[in-house]
Amino acid sequence: MPNGQARGASAGSADGPPRDDDARLGAQVWELTLRTVTALLRDFEDDMKAEGFALPWYDVLIQLVHAPQQRLRMQDLADAVVVTRSGLSRLIDRMEKAGLVRREPVPDDARGSYAALTEEGRSTYDRLAVDHHRKIEERFSSRLSNADLRALRRAMRKLGVVVRVPGGPL
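What you see is a predicted model, and the numbers here were worked out from it, not measured in a lab.

This next bit is on the overall build of the chain. In terms of regular secondary structure, the chain is built from six helices and three strands. For the chain, the α and β elements follow one another from N to C terminus as α-α-β-α-α-β-β-α-α. For the chain, the proportion of its 170 residues judged to be buried stands at 31%. Excluding contacts between residues fewer than 6 apart, the proportion of contacts in the chain whose partners are at least 24 apart in sequence is 51%. A total of about 11,400 Å² of accessible surface is found on the chain, and carbon and sulfur atoms cover 54% of it.

In structure tokens:
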């Protein structure tokens, strides 16, 4: 079935529209997903704040650690992080002042720039990642079987909203 095409009722006719209870199921799963992700993000944000760090900063570090040459064009980074495009420039300014990233010009594009990871940014990521990954395991992965995790990954990929940055972690 092509991406974006609606699926018929699982218990009804494959040719007909979804039944009311199927539509309610979709809404319930969406609301549960939203509440779960929001609660987890709050917990992870609180963890980062306790370390004197902000979760959006960590998101940038994740993208850059996994990027080719540990740098990304600003427009690609904006597509990959959970920050608005306008907020990204200010975020990178603050991270640059903190010594975690640096801007580099794009040789063949006078208006373009890269955000590149510094050694300090890499060591900060390495320090934070150990605890963050442990908390992901504790709050998320350990509560699901491997089959659950694979099914969830398949479902998320079917939605087609995952942005893949060249060399990125997803």
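We are not done yet, so read on.
Moving on, we get to the packing of aromatic side chains. Aromatic ring pairs are described here by two measures, namely the spacing of the ring centres and the angle between the planes. Throughout the structure, instances matching the rule amount to two aromatic pairs. With centroids separated by 5.6 Å and ring planes inclined at 80 degrees, the aromatic side chains of Phe53 and Trp57 adopt a geometry described as edge-to-face. A relative accessible area of 10% means that Phe53 is categorised as buried. Under the relative-accessibility criterion, Trp57 is labelled buried at 17%.

Reading across from one edge, β1-β3-β2 is the order of the three strands in this open sheet, with antiparallel pairing throughout. The strands lining the two open edges of the sheet, one partner per strand, are β1 (71-73) and β2 (101-106). Going from strand to strand, the sheet's axes swing by 30 degrees on average, the running direction of each strand aside. Pairing of β2 with strand β3 (residues 109-117) involves six bridges; the strand directions are antiparallel. For Arg103, the partnering residue across the bridge sits in β3 and is Ala115. Strands in contact with helix α2 (residues 55-66) are β1, β2 and β3; relative to β3, the strand with the most contacts, it is inclined by about 100 degrees. Strands in contact with helix α4 (residues 85-97) are β2 and β3; relative to β2, the strand with the most contacts, it is inclined by about 120 degrees.

A few words now on the pattern of salt bridges. Throughout the structure, instances matching the rule amount to 13 salt bridges. A salt bridge links Asp47 to Lys135; its shortest N-O distance comes to 3.6 Å. Highlighted residues: Asp47 in helix α1 (residues 20-50) and Lys135 in helix α5 (residues 119-139), separated in sequence by 88 residues. For Lys135, a relative accessible area of 15% translates into the label buried. The closest approach of N and O atoms between Asp93 and Arg103, which form a salt bridge, is 2.6 Å. Placement of Asp93 in helix α4 and of Arg103 in strand β2 is noted, with a sequence separation of ten residues between them. The network of salt bridges with shared partners includes Asp47, Asp131, Arg134, Lys135, Glu138 and Arg139.

Before going further, it helps to examine the confidence of the model for the chain. On average, residues of the chain carry a pLDDT of 85, and 82% of them reach 70 or more. Note on residues 1-13: pLDDT is under 50 here. Beyond four places in sequence and across chains, it has 14 contacts.

Before going further, it helps to examine α2. Over its twelve residues, α2 runs 17 Å from end to end, which matches the ideal 16 Å to within 8%, given 1.5 Å per residue. Here α2 lies mainly inside the structure; ten of its twelve residues are buried. Listing the buried residues of α2 in full gives Leu55, Trp57, Tyr58, Asp59, Val60, Leu61, Ile62, Gln63, Leu64 and Val65.

Helix length check: helix α6 (residues 146-159) (14 residues) gives 20 Å between terminal C-alpha atoms against 20 Å at 1.5 Å per residue, within 8%. One or two positions beyond α6, positive phi appears at Gly160, with a value near 70 degrees.

Attention shifts here to the packing of α2 against α4. At a closest axis distance of 11 Å, the pairing of α2 and α4 adopts a crossing angle of 85 degrees. In this view, α2 runs roughly perpendicular relative to α4, as classed from their interaxial angle. In this structure, α2 uses Pro56, Trp57, Val60 and Leu61 to contact α4, whose residues at the interface are Leu88, Leu91, Ile92, Arg94 and Met95.

Rules of the game
Per-chain numbering applies: the sequence of each chain, read as written, is numbered from 1 onward. Confidence filtering applies because this is a predicted model: local features only for residues at pLDDT of at least 70, side-chain atom pairs given and counted only at 80 or more, and all residues used for totals across whole chains, interfaces and linings. The side-chain figures draw on all heavy atoms in the structure; neither hydrogens nor water molecules are used. Each helix corresponds to a stretch of at least 4 residues labelled H or I by DSSP, and each strand to a stretch of at least 2 residues labelled E; elements are numbered beginning at the N terminus. Here's how the labels work: a residue is buried when its accessible area is under 20% of the maximum for its type, exposed when over 50%, partly exposed in between, all with a 1.4 Å probe on protein chains only. Whether two residues touch is decided by their heavy atoms; if any such pair falls within 4.5 Å, the residues are in contact. Every accessible area reported is derived by Shrake-Rupley at a probe size of 1.4 Å, with residue values counting cover from the shown protein chains alone. Pairing of aromatic rings covers Phe, Tyr and Trp, the last counted by its six-membered ring, and requires centre-to-centre distances within 6.5 Å; plane angles under 30 degrees mean stacked, over 60 mean edge-to-face, and any other angle means tilted. Here, a strand pair is defined by DSSP locating no fewer than two bridges between the strands. Here an axis means a line fitted to C-alpha atoms, over the contact stretch when the element is a helix, while the angle between two N-to-C directions is reported on a 0 to 180 degree scale. Salt bridges are counted wherever a side-chain nitrogen of Lys or Arg sits within 4 Å of a carboxyl oxygen of Asp or Glu. pLDDT expresses, on a scale from 0 to 100, how confident the predictor is about each individual residue. By definition here, a helix of n residues has an expected span of 1.5 Å times n minus one. In these notes the angle categories are as follows: under 35 degrees is roughly parallel, over 145 is roughly antiparallel, 65 to 115 is roughly perpendicular, and the rest is oblique.

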